[in-house]
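Each chain, written out:
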Amino acid sequence: MTDCIFCKIINGDFNTEFVYENEYLVVFKDLHPKAPIHLLVVPKVHVESLNELEDEKLMAELFKGIKAVTKKIGLKSYNLHVNTGKEAGQEVMHMHIHILGKDKK
Ligand code: AMP
Ligand code: ZN
C-alpha cells in the first residue's frame, strides 16, 4: 500500500535497520519505545489488522519470527501486544505485534 508507513519501511524507503528479517516479516525497533526493548514484528504483506489476517501459514510464521528474533538478541522474558482496531489503540493500520522486554536476562 503506497500510503502505509509500515509498507514504506518494508520497502526500504527510510533505511530502517531491521533487527531480523525473513521472507515473511521484518522486525524493527519502535520509534517511541515503551519499554527498554520494544520491537515491532511486521508481516511483509499488507494486512490491516488481526481481524483481516486469514493466512494460517503467516500466523505461524509470525510466532516463529518472534521466537527467532528473541533468541537472536538473547531476550528470554517478554510481553507481546497486539492492538486490534482503532478503538483499541491501533494507530498504524498494518498488522503488527509489539515485543516488550525489560532486559536480556
Ligand atoms: P499501534 O498503536 O499498535 O498501531 O502501534 C504503532 C507503533 O508504531 C507505535 O508504538 C509507534 O511508536 C510505532 N511507529 C510509528 N511509526 C514508526 C516508525 N516510522 N518507525 C518505527 N516505529 C513506528
Ligand atoms: Zn502496509
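Scroll up a little and you will see the structure.
The present account deals with the structure reproduced in this document.

The rules behind each value
Residues numbered from 1 in each chain as written. Chains lettered and ligands numbered in written order. Predicted model: local features only at pLDDT ≥ 70, side-chain atom pairs only at ≥ 80, totals over all residues. Heavy atoms only, no water. Near = heavy atom within 4 Å. Polar contact = N/O pair within 3.5 Å; in protein donor to acceptor, adjacent residues only side chain to side chain. Areas by Shrake-Rupley, 256 points an atom, 1.4 Å probe, with all protein chains shown as cover. Nonpolar A, V, L, I, M, F, W, Y, C, P; charged D, E, K, R; others polar. Donors = N, O, S within 2.8 Å, 3.2 Å for Na, K, Ca; no water. Helix = DSSP H or I, 4+ residues; strand = E, 2+ residues; numbered from the N terminus. Buried < 20%, exposed > 50% of the residue type's maximum accessible area, 1.4 Å probe, protein only.

Surveying the vicinity of ligand 1 reveals 16 residues, the closest of which are Asp30, Gly89, Glu91, His96 and His98. Within the contact set of ligand 1, an oxygen atom lies 2.5 Å away from a side-chain nitrogen or oxygen of Asp30. Within the side chain of Lys34, an N or O atom sits 3.3 Å from an oxygen atom of ligand 1. Alone, ligand 1 offers 500 Å² of accessible surface; in the complex the protein occludes 87% of this. Split into classes, the residues belonging to the shell around ligand 1 amount to 6 nonpolar, 6 polar and 4 charged.

Once that is clear, we can look at the coordination of the zinc ion (ligand 2). Taken together, the protein ligands of the zinc ion (ligand 2) are Cys4 (SG), Cys7 (SG), His46 (ND1) and His94 (ND1), with distances of 2.0 to 2.3 Å. Counting the intervening residues between successive donors of the zinc ion (ligand 2) yields the motif C-x2-C-x38-H-x47-H. Highlighted residues: Cys7 in helix 1 (residues 5-10) and His46 in the loop between strand 3 (37-43) and helix 2 (56-73), separated in sequence by 39 residues. According to the relative accessible area criterion, Cys7 is buried, its value standing at 12%.

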